[in-house]
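Observations on the three-dimensional arrangement
Now for the letters of each chain:
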Amino acid sequence: MRISDVCKDSVIAEYGELVLPSIGYAYEDGMVWFFEKTDTKKVLFQSLIFISAIYVNSITSEHFLQITCLKNGKLQNIVEPQTSIASASAILSLAKRGLMVSSKNASALSSYLNAFLVVNDGILAEKELPNSIGWTNNGEFLFGRRLVTATGKIDENAGRLFVSNNESIVQVMKSVDVQGNLKGWYSAIQPIVDYPIVEFSLYLSFAAPLLEYFGVQSFVTELVSTTSSGKTSLQQIAASVWGNPVVNSANSFLKTGNATVTAMEEIAADLSGLPFIINDLFKDNANFQSEGLVYTIANGQARIRANRKGEVADIRNIQTIILSSSERTIEEAYNSNKQRTDPFPEGVRARTLSIADLPWGKVDTIHVAPIVENTVRGVNKNYGVAGLEFIAKFIKYKKKRAKTWKNIYDNYIQYYRKEIDKSDNINYRKAPYFALIMTTGVIVHELLKMPFEFSQVKFDVLWQSIKSHSISNNIKNIDYLQSIADFIKDKVSSGEIWDSKSLSNAEYSRGKHIGLIKAKYIAIEPEVIEKRLGQNTRIFLKWCQDKKLLFFDTGLLRKSIKMPSGENRRLYAFNLAILDKDAISESLNIN
């Protein structure tokens, strides 16, 4: 007798071929009955109950059973060690997991489930139990206590499908969770469209599960700026894709840098397709060997170590993207460590995207601070929902859309490599990382109903900045500024930057500034705008600011050129829309 013979409910159809024990049992009125020695028939269980899956821990060989029961037309699953059904006393412990078992039916239920295993020997295939969060070897995705199956279905109660004796890893699993709803999350993140670095970091967070799909190595992105500049709030938004972004919460998805390299490697290995977000990388440890962590992450495997028994521990694969924050770059930290005598490793530089900028501009300004606060408040109440929905849809469409998505990725690689000299091996190797994040942006907007449109063009300046930070510290800031100037010159010559002198009064007077919307960037000379717009100048510049067009503070630029040394002279901001092209051209001798 098979399950399909006694139950026609569609939700149980996939288990229809499993065999039910027949000797001593009956299945009537949706319940399981058993016969006592007196041939008296008694109810064993109030609904159909069976074992739907067997899982094996590849590390310890311990077996786990997924026990399923049909209740009110819905399947309820719990996953427990096989030893939990070995006896009446053992199975009683499952009452706290919600199984309807008591001293009256414990012995009979234990016998029934063991009999079920016997009659389904060879039918129930053993599956490897994941020992990491994220992608499993079966093409499923473990999302905290939820499991997204290989068909894109979401199992809401698969929390036991994870094995680890490391309490810190169990905490990571708890941090991958869902609260609130997509509507609330969409509403919270809507303002970030005006802040390219924040939006970029959001796509980076979504990109972590796509590393293997596009054949990209794990890598590191570091956010470097002064304290209270909005780095943590940016990371909270990125973390909200997958779980709890609340800082200092016991189960926060954000980690701090007050851990050893070994501990961080272990966490990275347990995030199979999830980003590893580290707030304040050098917290409480100025000499933290971050370059070793970068190498380990990029190589895709944790370093070989011995376990507590002195045996060589199993080598664990790593598939993640680190998003770290600090007040200095990994390279600066390396060079400041007096114990370091060798030059900074080129391999680390090639595996790291450095963003040295203010993600929100000046956070303490009147109009920016409320935006940051409201956004963080919103994602603290609505998190995990976007990541769960994204993974379910990605699994569903990844085969159908593979050719299109991979063509987009290949095109982006060509786009970002086209201006790189072949001798510039570092930036050549970085291009796939940036291309992956841009491709992810396209996919995110295809699969989710994002509250704004994706525009790759706005990230061109960020790519120029990342390329510039790939150069050695021996190169002066003048070269950094020159690379930005070359970028401007190219955009001016191609007509992608509009000089304000060439714009007519009519174009300014239109309510939507139709003529300006066509431009990718706008070059604005403040004096000219002031003469043409008068009292409307502030309104116009606010519109430019909302569009997050290109900004250069020409006074700072001139000072930087005359005094190229010193971190405080480096030009970081690209967040507003004021560009005095003539001053830049004159200062940098651009013809």
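The structure reproduced in this document is the subject of the present report. (Residues numbered from 1 in each chain as written. Predicted model: local features only at pLDDT ≥ 70, side-chain atom pairs only at ≥ 80, totals over all residues. Heavy atoms only, no water.)

**Some details on the overall build of the chain**
If you tally the helices and strands in the chain, you get 24 helices and 19 strands. With 591 residues in all, the chain has 54% of them scored as buried. A separation threshold of at least 6 residues defines the contact pool for the chain, and within that pool the share at least 24 residues apart is 68%. (Helix = DSSP H or I, 4+ residues; strand = E, 2+ residues; numbered from the N terminus. Buried < 20%, exposed > 50% of the residue type's maximum accessible area, 1.4 Å probe, protein only. Contact = heavy atoms within 4.5 Å.)

**Structural notes on the nonpolar core**
Among the nonpolar cores identified, the biggest contains 102 residues, and Trp185, Phe390 and Leu436 are the most heavily contacted of them. Aside from chain neighbours lying at most four places away, what touches Leu436 is Ala207, Leu210, Leu211, Phe214, Val216, Phe219, Ile321 and Tyr409. By size, the runner-up hydrophobic cluster in this structure holds 35 residues, among which are Ile3, Val101, Ala108 and Leu117. (Core = buried A, V, L, I, M, F, W, Y, C linked by side-chain atoms within 4.5 Å.)

**A few points about the pattern of salt bridges**
Opposite charge on two side chains allows them to pair when their charged atoms are near. Summed over the entire model, instances satisfying the criterion amount to nine salt bridges. A salt bridge links Lys41 to Glu28; the shortest N-O distance between them is 2.7 Å. Within this pair, whereas Lys41 is found in strand E3 (residues 41-45), its partner Glu28 is found in strand E1 (residues 25-28), the two being separated by 13 residues in sequence. Lys41 sits in the partly exposed class, given a relative accessible area of 32%. Overlapping salt bridges, with partners in common, bring together Glu331, Glu346 and Arg349 in one network. (Salt bridge = Lys/Arg side-chain N within 4 Å of Asp/Glu carboxyl O.)

**Observations regarding the pairing of strand E17 (residues 352-355)**
Here E17 shows no split at all, with Thr352 and Ser354 on one side and Leu353 and Ile355 on the other all buried. In this structure, strand E12 (residues 219-224) lies alongside E17, joined through four bridges in parallel fashion. Looking across to E17, one finds that Thr221 is bridged to Leu353. (Pairing = 2+ DSSP bridges.)

**Some points on the sheet that holds E12**
Taken together, five strands build an open sheet; the order of strands is E13-E15-E16-E12-E17 and the sheet is parallel. Looking at strand neighbours, the two that pair on one side only are strand E13 (255-256) and E17, the edges of this open sheet. Along the sheet, helix H16 (residues 425-447) contacts E12, strand E16 (321-326) and E17; its crossing angle with E17, the most-contacted strand, is approximately 70 degrees. (Axes fitted to C-alpha atoms, helices over the stretch in contact; angles between N-to-C directions.)

**Comments concerning the sheet that holds strand E2 (residues 31-35)**
As summarised here, the arrangement of the three strands in space is E1-E2-E3, forming an open sheet in which the pairing is antiparallel. Sheet topology places E1 and E3 at the edges, where each strand pairs with a single neighbour. Neighbour to neighbour, the strand axes of the sheet diverge by 40 degrees on average, direction disregarded.

**Some details on helix H14 (residues 385-397)**
It helps to recall that an α-helix has 3.6 residues per turn; residues three or four apart then point in one direction. Here H14 contains 13 residues, and its C-alpha end-to-end distance of 18 Å stays within 8% of the 18 Å for a straight helix at 1.5 Å per residue. Among the residues of H14, those classed as buried are Val385, Ala386, Gly387, Leu388, Phe390, Ile391, Ala392, Phe394 and Ile395. (Expected span 1.5 Å × (residues − 1).)

**A look at the packing of H14 against H16**
Contact geometry of H14 with H16 gives a least axis separation of 10 Å together with a crossing angle of 95 degrees. When the axes of H14 and H16 are compared, the pair comes out roughly perpendicular. Contacts between H14 and H16 involve Phe390, Lys393, Phe394 and Tyr397 on the former and, on the latter, Ile443, Val444 and Leu447. Each residue belonging to the contact of H14 with H16 can be placed in one class, and the counts come to six nonpolar, no polar and one charged. (Parallel < 35°, antiparallel > 145°, perpendicular 65-115°, else oblique. Nonpolar A, V, L, I, M, F, W, Y, C, P; charged D, E, K, R; others polar.)

**Notes on helix H15 (residues 402-417)**
Here H15 spans 22 Å end to end across 16 residues, near enough to the 22 Å set by a 1.5 Å rise per residue. Regarding H15, the residues found buried are Ala402, Trp405, Tyr409, Tyr412, Ile413 and Tyr416. Viewed along the axis of H15, the buried residues span an arc of 105 degrees, placing them on a single side of the element. Residues of H15 that are exposed and point more than 90 degrees away from the buried face comprise Lys403 and Gln414. Buried-residue contacts for H15 involve helix H7 (211-214), H14, H16 and helix H17 (460-468). (Arc of directions from axis to C-beta.)

**Things to note about the packing of helix H8 (residues 231-239) against helix H13 (residues 368-381)**
Their axes nearest at 9 Å, the elements H8 and H13 cross at an angle of 30 degrees. Crossing geometry of H8 relative to H13 is assigned as left-handed. The segment H8 lies against H13, with Ser233, Gln236 and Ile237 engaging Val372, Thr375, Val376, Val379 and Asn380. Here the residues of the contact of H8 with H13 are counted per class, giving four nonpolar, four polar and no charged. (Left-handed = near helix turned anticlockwise from the far one by under 90°.)

**Observations concerning the packing of aromatic side chains**
All chains considered together, the criterion is met by 29 aromatic pairs. Taken together, a centroid distance of 4.9 Å and an interplanar angle of 90 degrees make the contact between Trp135 and Phe141 edge-to-face. Just as Trp135 is buried, Phe141 falls in that class too. With a centroid separation of 5.0 Å and 50 degrees between ring planes, the pair formed by Tyr195 and Trp360 is classed as tilted. In this pair, Tyr195 is assigned in the loop between helix H5 (182-189) and helix H6 (196-207) and Trp360 in the loop between E17 and H13, connecting sequence segments 165 residues apart. For the pair formed by Tyr195 and Trp360, the shared burial category is buried. The ring of Trp33 carries the charged tip of Lys41 above its face, separated from the ring centre by 4.9 Å. (Phe/Tyr/Trp six-rings, centres within 6.5 Å; stacked < 30°, edge-to-face > 60°. Lys NZ or Arg CZ within 6 Å of the ring centre and 35° of its normal.)

**Focus: unusual backbone geometry**
For Asp29, which is not a glycine, the phi torsion comes out positive at approximately 55 degrees. Its location among the elements puts Asp29 in the loop between E1 and E2. Residue Asp29 is classed as exposed on the basis of its relative accessible area, which comes to 68%. Phi at Asn248 is positive, roughly 70 degrees, even though this residue is not glycine.

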